[in-house]
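Reading the structure
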Amino acid sequence: MAAVRDRKSGGPGKEPIAVLGMGHVGLPTALGFAELGWQVLGADDMVEKIDHLKTGKATFYEPDMQELLTKHLASGRFQPTKDVDAAVAAARVVFVCVGTPQRENGAADLSQIESVARTIARNLNGYKLVVEKSTVPASTAERIKRTIGRYARTETPANGTNGRRAAGKESGARFDVASNPEFLQEGKAIHNFFHPERIVIGVESDQARQLLEDIYRPLKCPIVVTDLATSELIKHSANAFLSTKISFINMISDICDAVGADVASVARGIGLDPRIGHQFLSAGIGFGGYCFPKDLKALLYLAEEHGVPGGILRAVEDVNLRRIEVFMDKLRHALWVLQGKKIAVLGLAFKPLTDDIRESPALRVVEELLKEGAAVRLYDPEAMPAAQQVYPEAPGRVDYCRSAYEAARGAHAVVITTEWEEFRKLNWKKMQEAMEVPVLVDGRNLLDPSAMREAGFEYFSMGRGSRQVAMTASAK
Ligand code: UDX
């Protein structure tokens, strides 16, 4: 087993790596480290999550993740544990991968980060490197440092109190905090881990830098070394820029609807310019997931908190929020009255290859359909169990179907809200035969308009020439 080598001490470190938080960031990261040969303790205080992992089953779907979990539970390199204190005490390098959800005002909720910082402070038993991998606003690492310093206990309290240093004083134990943001895409997390374009590390000491370079060396990819705040801001800036590309092409999509142009061809035509690039220029019902919406709000909050006008990022958010209205207008245009209609909804996850429904635009469509009195027949290859927590089965109003064909049965329209490859390969003639009327509204531009129209569908999509609908939406 490779060990984390701390050159300062001369000898190889024997300690395991601790990864705190077994969610969409922590679990792929922990299994990635185990695959690189490191000994990893995967800790989470949600005991049911750890119990689930110990049964050998992944707690969520990610391609290739189950295989790594099986392999490294067997190899012993990955050990799930509920004992966060013990994991921190045993490790020299502690990766913090806990959730940073969004508060009402858009600011990131950092309470889990603060709680973990206090746990680390309680277990400082020699040098520790605390690595902030959760997505956090710039300057969070400074707050982690201050929290650990404040709560750290020393074995021999110099000031005679209960071992707690006066606030702000350097504690007896040594530690560094580093920033190491993740760039994992859900549905590709394992691939992203082993094929990163870059590793970003914000560090304040040579020791911290060497430890992180040791850990990531097997990946043989560029390592960008910065200060803490710069590293934190790289993460938020990357997600905000990618969101900006998506809202940009969605605005162009609305213009395409208005003038009868084709947004996919516009994307192809501009994307061939290497300064623009072709990725993240797919128009549709907008971006969702646990990252883009939350990180955009957090960056906006940080900017405006420091007197920097939200400007472009406000517009990115507005365009994204309007996607559902534009989509629903197309469906109303196609069906006139939604009340009492049966709508087959293909796709519930916020994107393909995941079962994650957090901030899913598909669920916003379901919500709008139910509000207008339509009945929904739902199908998604992976995300139905999660969706049923939010929209429980209500036969005749909310029906979960075993296939797209079952969802299409008696439907007045089929809508595509997540671009699963499975939907591209459907037998659309069979779909049409099952439907009440052949109306198809493609919210993710998955299918070819002329092919679908030749197959007899009244086919609508985003920014591919259905002129009058966009005019209605923008008239509001
Ligand atoms: C994103 C970033 O890509 C990743 O680097 C970061 O670490 C975490 O956040 P993720 O949220 O998993 O990853 O999904 P991503 O593939 O980026 O898609 C985000 C949303 O944008 C999805 O709802 C997707 O449907 C939407 N999207 C993406 C578009 O609408 N159009 C596009 O062209 C691309």
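**Description of the packing of helix 9 (residues 228–259) against helix 12 (residues 311–335)**
The geometry of helix 9 relative to helix 12 is characterised by a closest axis approach of 9 Å and an angle of 45 degrees between their N-to-C directions. Taken together, the axis directions place helix 9 and helix 12 in an arrangement best described as oblique. Read as a crossing pair, helix 9 and helix 12 show a hand that is left-handed. In contact with A240, S243, T244, S247, N250, M251, D254 and D257 of helix 9, helix 12 contributes I312, L313, V316, V319, N320, R322, R323, V326 and K330.

**Digging into the nonpolar core**
If you look at the biggest cluster of nonpolar residues, it comprises 56 residues, and the most contacted ones within it are L346, L348, L369 and W428. Sort the elements by how many residues they give to this core and helix 12 lands first, with seven residues. The contact partners of L369, leaving out residues within four places of it in the chain, are M328, L331, L338, I343, V345, A374 and V376. Residues F78, F95, I201 and A208 belong to the second largest nonpolar core, which totals 41 residues.

**Thoughts on the domain arrangement of the protein**
We note that the domain assignment places domain 1 (17–226), domain 2 (236–317) and domain 3 (321–475) within the protein. The centre of domain 1, based on its C-alpha atoms, is set 40 Å off from the matching centre of domain 3. Between domain 1 and domain 3, the residue contacts involve seven residues of the former and eight residues of the latter. Summed over both sides, the interface between domain 1 and domain 3 buries roughly 680 Å², with carbon and sulfur atoms accounting for 44% of that surface. The largest share of the area that domain 1 buries against domain 3 comes from H24, Y61 and E186, three residues that together contribute 75% of it. In this structure, R358 and E186 form a salt bridge, with 3.4 Å as the shortest nitrogen-oxygen distance. Between domain 1 and domain 3 we count five residue pairs in polar contact (both at pLDDT 80 or more) in total.

**Remarks on helix 13 (residues 361–371)**
Burial in helix 13 covers these residues: P361, A362, L363, V365, V366, L369 and L370. Looking at the packing, one finds that the buried side of helix 13 touches helix 12, strand 9 (342–346), strand 10 (375–379) and strand 11 (398–400). Downstream of helix 13 by a residue or two, G373 has a phi angle that is positive, lying close to 85 degrees.

**Considerations on the packing of helix 9 against helix 10 (residues 263–271)**
Where helix 9 contacts helix 10, the axes come no closer than 9 Å and their chain directions differ by 130 degrees. When the interaxial angle is binned, helix 9 and helix 10 end up oblique. The handedness of the crossing between helix 9 and helix 10 is right-handed. On the side of helix 9, the interface is formed by F248, I249, I252, S253 and C256, while helix 10 contributes V263, V266, A267 and I270.

**Thoughts on the pattern of salt bridges**
The tally for this structure, following the rule as stated, stands at 31 salt bridges. The closest approach of N and O atoms between R323 and D254, which form a salt bridge, is 2.6 Å. Of this pair, R323 sits in helix 12 while D254 sits in helix 9, and the two are 69 residues apart along the sequence. For the pair formed by R323 and D254, the shared burial category is buried. In this structure, E317 engages R314 in a salt bridge whose closest nitrogen and oxygen atoms are separated by 3.2 Å. A residue pair is termed a helical-turn pair when its members lie 3 or 4 positions apart in one helix, as E317 and R314 do in helix 12 at three residues.

Cut-offs used in this document
- Residues numbered from 1 in each chain as written.
- Predicted model: local features only at pLDDT ≥ 70, side-chain atom pairs only at ≥ 80, totals over all residues.
- Heavy atoms only, no water.
- Axes fitted to C-alpha atoms, helices over the stretch in contact; angles between N-to-C directions.
- Helix = DSSP H or I, 4+ residues; strand = E, 2+ residues; numbered from the N terminus.
- Parallel < 35°, antiparallel > 145°, perpendicular 65-115°, else oblique.
- Left-handed = near helix turned anticlockwise from the far one by under 90°.
- Contact = heavy atoms within 4.5 Å.
- Core = buried A, V, L, I, M, F, W, Y, C linked by side-chain atoms within 4.5 Å.
- Buried < 20%, exposed > 50% of the residue type's maximum accessible area, 1.4 Å probe, protein only.
- Domains from an automatic or database assignment.
- Buried area = accessible area lost by both parts, 1.4 Å probe.
- Salt bridge = Lys/Arg side-chain N within 4 Å of Asp/Glu carboxyl O.
- Polar contact = N/O pair within 3.5 Å; in protein donor to acceptor, adjacent residues only side chain to side chain.

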